[in-house]
Structure formats: C-alpha cells, structure tokens
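# Observations on the model geometry
The chain contents come next:
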Amino acid sequence: MVGARPNYMKVAAVMRAAGRTPGIRQVLVHTGQHYDAAMNDVFFADLGLPEPDHHLGVGSGSQAEQTAKVMLHFEPVLKNERPDRVVVVGDVNSTVAAAMVAVKEGVPVDHVEAGLRSFDRGMPEEVNRIVTDAIADELYTHSPEAREHLRREGRAEESIHFVGNVMIDALDQHLAAARGRRAIEALGLSPRGYALATLHRPSNVDAPAMLAELIEILGEVARALPVVFPLHPRTRARIEAAEREGLRLPEGLLLSPPRGYLDFLQLLDGARVVLTDSGGVQEETTALGVPCLTLRENTERPITCLVGSNVLVGRDRTRIARELERALAGPERRGERPPLWDGHAAERIVAVWAGRL
Ligand code: UD1
Ligand code: UDP
C-alpha cells in the first residue's frame with residue numbers, strides 16, 4: 001500500500017527486496033492520498049516504482065473523510081485480490097485505513113516502521129501509529145525504543161522484528177544518482193553554501209501566528225546563508241493565505257514547489273544545515289550526518305538526536321540561534337548512523353517472511 005509522499009521510498013525498498021525473492025507476487029495499491037505530479041508522479045519515476053495495480057483515487061479531505069474513503073475503496077480490492085499479507089508503512093491516514101480493512105478481512109498485516117511514538121496525540125500520525133501497531137500482525141522496527149513502546153502496549157515479543165530503516169535503504173540506493181543531479185547548481189548555489197528547510201506539520205503551518213513566527217525564524221537563518229524552502233502544498237496554501245492578510249516573506253528564502261526525490265536528496269546532502277518538521281528528513285539527515293534542527297516540541301524519532309545529527313529545537317528562538325551557530329561553526333557532518341540503518345532493512349523483512357511463508 002502507498003498513499004502519501006513518505007510512503008513511496010519505503011515501499012520501493014520493500015518491493016525491490018521482495019522482487020528479488022522467487023515466489024512472491026506483488027500487487028501495488030495506491031490510495032491516492034497524494035496526487036499532484038510533484039507529490040506523486042516524480043517519486044514513481046525517481047524510485048522506479050511500477051504503475052499501481054489498483055488506484056483508489058481517494059484524494060484530500062478531512063481526517064475522517066480520507067480515512068473512511070480509503071477503507072471503502074480498499075475493501076473490494078482486497079476481497080478480489082485475496083493476498084497472503086498486506087504491507088503498510090509509516091503513519092499516514094492511508095496506513096491505518098488499509099490496516100483496519102485487512103485485519104477485519106482476516107488478512108495478516110505487516111507494519112513497517114512500527115513502534116514510533118511522539119506521545120503527542122494532537123498529531124494525527126500518533127493516533128495512526130497507535131491503532132496500526134495495535135492491530136497489525138508483524139511489526140518491523142528501526143530503533144530500539146520502538147520495541148519497548150510495543151511491549152508496553154501489550155504486543156508479543158515474537159511479533160516484533162528489529163530490521164532497520166527502509167527509508168535509508170532507498171537513500172543508499174539512490175544517493176549516487178542524486179549527487180549527479182544539478183539541483184544545487186540550478187539555484188546558483190554551491191555545496192555547503194545554503195540551508196534547506198521543510199515545514200508541513202499542521203501544528204506548525206495551520207495556525208497563522210505560528211506560521212508567521214516560523215517564517216520569521218527562517219528569515220533569521222537567511223541572514224547567515226540562503227534558505228532553500230520547497231513548499232508542501234499545505235504550506236503553500238497557508239503562506240498564500242497569510243500573504244493576502246499582509247504577511248511579508250523575508251529576504252533570502254528561496255521558495256519552490258516540492259522537489260522530486262533525487263533533487264531533494266542532492267539538496268539535503270549538500271546543505272550546511274537543515275531545518276525541518278518532517279519525520280523522514282530527520283532520518284535522512286542522520287544517515288547523511290548533515291546537521292539538522294527540528295522545529296518541533298517532540299519527536300517520535302529520538303534516536304536521530306541520541307546518535308545522529310538532529311537537535312530538537314522547538315520554536316525557541318534563543319535555542320535555534322544557538323544551535324544554528326553551533327552547526328555553522330562545527331563540522332560539516334556530525335553524529336553516527338544508528339544500528340541497522342545500513343541499506344539492508346527490506347532484505348531483513350523479506351527474510352522474516354521466508355521463515356514463515
Ligand atoms: C500527510 C500525512 C503526514 C505526512 C505528509 C507527508 C496524514 C494524517 N498526514 O499530511 O503524516 O507527513 O502527508 O507529506 O496522513 N494536497 C495537494 N496535493 C497533493 C496532496 C495534498 O494539494 O498531492 C493538499 C490538499 O489541500 C490537502 C493538503 O495538501 O488537503 C493536505 O494533504 P493530506 O494528505 O491531507 O495531509 P498532509 O499534510 O499532506
Ligand atoms: N521530500 C522530497 N521533496 C520535498 C520534501 C520531501 O523528495 O520537497 C522527501 C524526503 O525524502 C522526505 C520524504 O519526502 O524524507 C517524506 O517527506 P515528508 O516530509 O512529506 O513526510 P514525513 O516524513 O514528515 O511524514
């Protein structure tokens with residue numbers, strides 16, 4: 001199952017490993033949660049994903065509407081295909097919706113990226129994580145604390161498999177191609193000569209006052225170096241609305257549409273520092289060792305701060321200024337890769353299946 005931008009890399013990694021194993025027939029279902037060319041098509045091309053076998057065409061909507069539509073449209077597809085298992089990744093609405101349908105149809109569900117917790121139920125993703133992990137049959141984790149969370153929630157030891165990070169499988173596979181792109185050059189920039197920013201969490205961009213404050217913070221960063229800022233459609237819509245109400249964008253922000261995977265990876269790899277509220281970007285910066293400041297009050301990926309290059313800065317300006325200064329004065333790469341973030345996580349998932357199939 002795929003639905004939204006962060007799903008594509010993870011599913012591409014799993015499909016690649018499964019495709020190398022004889023005897024597995026794969027059926028790709030796309031819910032259609034994300035649908036713009038820049039949020040979808042470019043990723044299929046960059047990642048070499050096959051055309052989906054089924055497209056549910058769900059699109060945007062409220063939390064309930066989107067989740068319900070995935071359930072309604074997935075059920076007949078599942079009844080028709082009758083797979084041996086359904087693989088869901090991450091924590092988006094498509095993930096939990098597909099898992100609920102499959103479990104009720106008696107089809108085993110594998111959850112890849114299980115056990116992450118921000119302990120912030122104000123995030124729609126946290127609810128999706130808790131529900132998906134409660135009902136999935138097999139739980140694939142990428143960091144040690146995930147097992148503790150799952151055990152505390154009553155999941156059996158045998159259902160938990162520490163396999164590593166499929167997002168980093170995709171990164172390792174595509175990094176060489178990304179480094180050959182011209183995204184940095186096309187902006188008139190050079191490696192380590194800019195910051196990269198992404199923002200799309202509702203808690204950061206939906207409230208005009210919070211959005212204005214974060215834009216101001218990025219403006220302060222832009223006094224030190226240009227800030228490349230590809231805009232998620234949610235964020236673009238909020239910025240445009242705020243501009244109509246008088247928001248002025250500061251100098252030095254290089255706004256653009258969302259980037260394709262390979263261009264984005266090049267920009268990430270070449271950045272002097274990254275500012276983000278994305279889950280995937282926290283992981284990718286850790287894998288690359290690029291200094292990352294996470295503009296959130298919590299993270300479901302604490303290992304990126306413990307071992308990797310990430311610092312949780314919230315929206316505290318003093319803290320952000322201090323961490324920015326530290327990052328700019330410090331080495332270009334910092335931190336280490338967490339255990340099993342080694343490019344082979346999806347192979348381990350397939351190995352688990354092989355033991356059971
Ligand atoms: C979703 C996920 C979030 C993930 C993010 C990745 C949920 C609850 N949230 O958030 O966990 O981090 O994707 O990017 O599943 N839109 C477009 N074109 C598109 C897709 C969306 O214009 O192709 C606009 C629509 O106005 C839509 C809004 O973006 O209402 C939000 O999209 P949605 O999928 O509901 O949530 P995201 O914020 O993208
Ligand atoms: N990404 C991209 N172009 C962009 C922004 C993000 O290719 O302009 C990629 C990047 O690899 C990131 C992934 O999309 O890790 C998922 O991103 P997003 O931040 O949308 O979702 P999250 O991981 O927060 O759920």
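Please read these numbers as outputs of a predicted model, since none were measured by experiment. (Residues numbered from 1 in each chain as written. Chains lettered and ligands numbered in written order. Predicted model: local features only at pLDDT ≥ 70, side-chain atom pairs only at ≥ 80, totals over all residues. Heavy atoms only, no water.)

### A look at the overall build of the protein chain
When helices and strands are counted, the protein chain shows 16 helices and 12 strands. Here the protein chain has a C-alpha radius of gyration of 20 Å; the compact-globule value for 357 residues is 21 Å, and the two agree. Along the three orthogonal principal directions, the C-alpha set of the protein chain runs to about 55 × 40 × 40 Å. The buried share among the 357 residues of the protein chain stands at 57%. Pairs at least 24 residues apart make up 68% of the contacts formed inside the protein chain by residues separated by at least 6 positions. Summing over all exposed atoms, the protein chain offers an accessible surface of approximately 14700 Å²; the carbon and sulfur share of this is 51%. In the protein chain, which carries 42 positive and 49 negative side-chain charges, the distance between the mean positions of the two groups comes to 1 Å. (Helix = DSSP H or I, 4+ residues; strand = E, 2+ residues; numbered from the N terminus. Rg over C-alpha atoms; globule rule 2.2 N^0.38 Å. Buried < 20%, exposed > 50% of the residue type's maximum accessible area, 1.4 Å probe, protein only. Contact = heavy atoms within 4.5 Å. Areas by Shrake-Rupley, 256 points an atom, 1.4 Å probe, with all protein chains shown as cover. Lys, Arg positive; Asp, Glu negative; His and termini not counted. Charge placed at Lys NZ, Arg CZ, Asp CG, Glu CD.)

### Things to note about the state of the cysteines
Under the definition given, this model contains 0 disulfides. The cysteine Cys292 is free of any disulfide, with Cys305 supplying the nearest cysteine sulfur at 8.2 Å. For Cys292, a relative accessible area of 0% translates into the label buried. Exposure remark for Cys305: the relative accessible area of 28% places this residue in the partly exposed category. (Disulfide = S-S within 2.5 Å.)

### Observations concerning the site of ligand 2
Taken together, 18 residues form the shell around ligand 2, and within it Arg259, Ser278, Gly279, Gly280 and Glu284 come nearest. One of the side-chain N or O atoms of His200 is found 3.4 Å from an oxygen atom in ligand 2. Here Ser278 contributes a side-chain N or O atom positioned 2.7 Å from an oxygen atom of ligand 2. Protein contacts shield 96% of the accessible area of ligand 2, which totals 530 Å² for the unbound molecule. (Near = heavy atom within 4 Å. Polar contact = N/O pair within 3.5 Å; in protein donor to acceptor, adjacent residues only side chain to side chain.)

### Describing the packing of aromatic side chains
Aromatic ring pairs are defined here through the distance separating the ring centres and the angle between the ring planes. Under the defined criterion, the tally for this structure stands at 2 aromatic pairs. A connected cluster of aromatic rings, assembled from ring pairs, spans Tyr8, Phe43 and Phe44. (Phe/Tyr/Trp six-rings, centres within 6.5 Å; stacked < 30°, edge-to-face > 60°.)

### Describing the sheet that holds strand β5 (residues 138–141)
Strand order across the open sheet formed by 4 strands is β3-β4-β5-β6, with parallel pairing between neighbours. This sheet does not close on itself; its edge strands, each paired only once, are β3 (86–89) and β6 (160–162). Taken pair by pair, the neighbouring strands of this sheet meet at an average axis angle of 20 degrees, ignoring direction. In this sheet, strand β4 (residues 109–112) lies alongside β3 in parallel orientation, the contact comprising 4 bridges. Looking at the pairing, Val89 lines up with Val112 of β4. (Pairing = 2+ DSSP bridges. Axes fitted to C-alpha atoms, helices over the stretch in contact; angles between N-to-C directions.)

### Considerations on unusual backbone geometry
Residues other than glycine predominantly adopt negative phi, and peptide bonds predominantly adopt the trans conformation. Even without being a glycine, Arg82 presents a positive backbone phi close to 45 degrees. Accessibility expressed as a relative area gives 44% for Arg82, which makes it partly exposed.

### Thoughts on the packing of helix α7 (residues 166–179) against helix α13 (residues 279–288)
Here α7 crosses α13 at 55 degrees, and the two axes come no closer than 10 Å. Here α7 is positioned oblique relative to α13, judged by the angle of their axes. Crossing hand, α7 versus α13: right-handed. Within the contact between the two elements, α7 uses Met167, Ile168, Leu171 and Leu175 and α13 uses Gly280, Glu283, Glu284, Ala287 and Leu288. The residue inventory of the contact of α7 with α13, partitioned by class, reads 6 nonpolar, 1 polar and 2 charged. (Parallel < 35°, antiparallel > 145°, perpendicular 65-115°, else oblique. Left-handed = near helix turned anticlockwise from the far one by under 90°. Nonpolar A, V, L, I, M, F, W, Y, C, P; charged D, E, K, R; others polar.)

### A look at the site of ligand 1
Taken together, 19 residues sit near ligand 1, with His34, Glu125, His200, Arg201 and Arg234 positioned nearest. Contacts to ligand 1 include Glu125, whose side-chain N or O atom sits 2.6 Å from an oxygen atom. In this structure, an oxygen atom belonging to ligand 1 sits 2.8 Å away from a side-chain N or O atom of His200. Considering ligand 1 on its own, with 750 Å² of exposed area, one finds that the protein chains cover 85% of that surface. Here the shell around ligand 1 is built from residues that sort into 6 nonpolar, 8 polar and 5 charged.

### A closer look at the sheet that holds strand β10 (residues 273–276)
Spatially, β9-β8-β7-β10-β11-β12 is the arrangement adopted by the 6 strands of the open sheet, whose pairing is parallel. Only two strands of the sheet have a single neighbouring strand rather than two, namely β9 (253–256) and β12 (310–312). Here the strands of the sheet are splayed against their neighbours by 20 degrees on average, with no regard to which way each runs. The sheet contact formed by strand β7 (residues 195–198) and strand β8 (residues 227–230) spans 2 bridges and is parallel. The residue bridging Ala195 from the neighbouring strand is Val227, located in β8. On top of the sheet, α13 reaches β7, β10, β11 (292–294) and β12; it is set at about 165 degrees to β10, its chief contact.

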